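# Descriptive analysis of the structure
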Amino acid sequence: MPIDFHSEANRLTYARRSAGADWADTMRELARPAGARVVDIGCGGGVYTTAWLELGAASAVGVDFSAAILSGARERAGDRAGLAFRQGDARATGLPDDVADIVFERALIHHLDDLAGCFREARRLLAPGGTLLVQDRTPADVARPGTPTHLRGWFFERFPALLDIEAARRPTTETVTEALHVAGFDAVRTTALTETRREYADAREVTTDLLARTGRSILHDLTDAELADLAAYIEARLPPEGPIHESDHWTIWSATN
C-alpha cells in the first residue's frame, strides 16, 4: 500500500536525517544561498528547509500539503529565526508573488501529474533573476545496481516489481526540461548529484532503518513480511563492521527566472 502522507504514524519519517555536505556544496555551485529568501516546496520533514539557513539564507519557508508531516518538521526544527512552515499545494502555495530568490523542490515532482503547473507556481514565486532548483531521480538514477553504498539498488534486485513502480513514477530529463520550458523557463541546466544519505554504525542499524521504512516511500509498497525479507537480504550483503555510508543518486534541474 502506498505511503499515507497524512497519517500521524508517518509524521516524522522525513525528519530523521540531515542534509549532506555534498548536497550543500552543489547548492552553492548552482545558486547563491547567502542572504537569499528560499521557498522549499514539498519540504517534508524540513531537513532541507533548515539546511538552507545553514547555508546562509536570510529566510526559508517550507511548504507541504500534509499537516501531519509539517508537524514533524516543526518539531524537528524548533524555533529558529527566519524559518517558517505552511500548508499548501505545489501548484498553489498561497505565498505572494516574487517572494523568493530560490525555490527548491526535492523529491517532489515524481508525486505530481502536472509538472508544468508546479513550475509555473515556482516561477510566480521567484523574484527576477531568481533560481529554481528541482532535485529528483530519473529512471536511469533508480536503475543503478545495489552496492554497500547504494542500498536502494538492492531493493529492486530483491523485488523487481518495485523497480517497475519506481521507474514508472520517475520523470525523464526530457520530460522535466519540456515542462520547465512550458512554464516559461528558458535555459535549463542539468547536474548529477551523488548525495550522502546517512552514515550507519553497522549493518544492524541499517536493518532497523529499513524496517521502519524511514523516509523511503517505495518501501510502503511491500508487505511487512516482504520488508523483513528485504532487510535480511541487504544485511547479509553488508560488511559486519561499520561504519556504512549510504549514498543516493539524483538529477538536479536548475533554471533562472
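Right above here is the structure, for reference.
So, here's what we can say about the structure. Just so you know, these numbers come straight off a predicted model, no measurement behind them. (Residues numbered from 1 in each chain as written. Predicted model: local features only at pLDDT ≥ 70, side-chain atom pairs only at ≥ 80, totals over all residues. Heavy atoms only, no water.)

### Structural notes on the overall build of the chain
Along its length, the chain carries 10 helices and seven strands. For the chain, whose C-alpha radius of gyration is 18 Å, the value lies close to the compact-globule estimate of 18 Å for 257 residues. Principal-axis analysis of the C-alpha atoms places the extent of the chain at approximately 50 × 40 × 30 Å. Every one of the 257 residues in the chain was classed for burial, and the buried ones make up 53%. Long-range contacts, defined as pairs at least 24 residues apart, comprise 75% of the intrachain contacts of the chain with a sequence gap of at least 6. Approximately 11,000 Å² of the chain is accessible, and the part contributed by carbon and sulfur atoms is 51%. Averaging the coordinates of the 28 positive side-chain charges in the chain and doing the same for the 39 negative ones gives two points 2 Å apart. (Helix = DSSP H or I, 4+ residues; strand = E, 2+ residues; numbered from the N terminus. Rg over C-alpha atoms; globule rule 2.2 N^0.38 Å. Buried < 20%, exposed > 50% of the residue type's maximum accessible area, 1.4 Å probe, protein only. Contact = heavy atoms within 4.5 Å. Areas by Shrake-Rupley, 256 points an atom, 1.4 Å probe, with all protein chains shown as cover. Lys, Arg positive; Asp, Glu negative; His and termini not counted. Charge placed at Lys NZ, Arg CZ, Asp CG, Glu CD.)

### Examining the pattern of salt bridges
For the structure on display, the rule yields 25 salt bridges. In this structure, the salt-bridge partner of arginine 158 is aspartate 229, at a minimum N-O distance of 2.7 Å. In this pair, arginine 158 sits in helix H6 (residues 152-158) while aspartate 229 sits in helix H10 (residues 224-235), placing the two residues 71 residues apart along the sequence. Under the relative-accessibility criterion, aspartate 229 is labelled partly exposed at 30%. Across the pair arginine 213 and aspartate 224 runs a salt bridge whose closest N-O atoms are separated by 3.1 Å. Of the two residues, arginine 213 sits in the loop between helix H9 (203-211) and H10 while aspartate 224 sits in helix H10, which places them 11 residues apart along the sequence. Residue aspartate 224 is classed as exposed on the basis of its relative accessible area, which comes to 58%. Taken together, the shared-partner salt bridges in this structure form one network comprising Arg137, Arg197, Arg198, Glu205, Asp209, Arg216, Glu246 and Asp248. (Salt bridge = Lys/Arg side-chain N within 4 Å of Asp/Glu carboxyl O.)

### A look at the side chain of threonine 191
Of note, threonine 191 is situated in strand E6 (residues 188-200). Its relative accessible area of 14% is what places threonine 191 among the buried residues. Excluding residues that lie within four positions of it along the chain, threonine 191 makes contacts with Thr26, Leu30, Trp250, Thr251 and Ile252.

### Some thoughts on the packing of helix H4 (residues 115-125) against helix H8 (residues 173-182)
Where H4 meets H8, the axes come as close as 8 Å, and the angle between the chain directions of the two elements is 50°. Between H4 and H8, the angle falls in the class oblique. You can see that H4 and H8 cross each other, and the crossing is right-handed. Within the contact between the two elements, H4 uses Leu115, Ala116, Phe119 and Arg120 and H8 uses Thr175, Val176, Ala179, Leu180 and Val182. Its residues assigned to classes, the contact of H4 with H8 comprises seven nonpolar, one polar and one charged. (Axes fitted to C-alpha atoms, helices over the stretch in contact; angles between N-to-C directions. Parallel < 35°, antiparallel > 145°, perpendicular 65-115°, else oblique. Left-handed = near helix turned anticlockwise from the far one by under 90°. Nonpolar A, V, L, I, M, F, W, Y, C, P; charged D, E, K, R; others polar.)

### Some remarks on the nonpolar core
Core analysis: the biggest nonpolar cluster contains 27 residues, and Trp23, Met27, Trp52 and Leu133 have the highest contact counts within it. Residue assignment for this core shows that the elements contributing at least two residues are helix H1 (21-30), helix H2 (47-54), helix H3 (67-77), strand E3 (83-87), strand E4 (100-106) and strand E7 (244-256). For this core, the leading source of residues is H2, giving five residues. Contacts of tryptophan 52, omitting those with residues within four sequence positions, involve Trp23, Met27, Pro33, Val38, Ala57, Ile102, Phe104 and Leu133. (Core = buried A, V, L, I, M, F, W, Y, C linked by side-chain atoms within 4.5 Å.)

### Observations concerning the packing of aromatic side chains
If you walk through the whole model with that rule in mind, you get eight aromatic pairs. Measuring from centroid to centroid gives 4.9 Å for tryptophan 23 and tyrosine 48, while their planes differ by 70°, and the two rings are edge-to-face. Here tyrosine 48 lies in helix H2 and tryptophan 23 lies in helix H1, a separation of 25 residues in the sequence. For the residue pair tryptophan 23 and tyrosine 48, the accessibility class agrees, reading buried in each case. With a centroid separation of 5.7 Å and an interplanar angle of 65°, the aromatic rings of tryptophan 23 and phenylalanine 104 are classed as edge-to-face. On the criterion of sequence distance, the pair formed by tryptophan 23 in helix H1 and phenylalanine 104 in strand E4 is long-range, its members being 81 residues apart. The residues tryptophan 23 and phenylalanine 104 share a single accessibility class, namely buried. Taking NZ or CZ as reference, arginine 137 lies 3.9 Å from the ring centre of tryptophan 250, over its face. One residue, arginine 237, lies across the ring of tyrosine 233, its end atom 3.5 Å from the ring centre. (Phe/Tyr/Trp six-rings, centres within 6.5 Å; stacked < 30°, edge-to-face > 60°. Lys NZ or Arg CZ within 6 Å of the ring centre and 35° of its normal.)

Coordinates in, geometry out; function isn't part of it.
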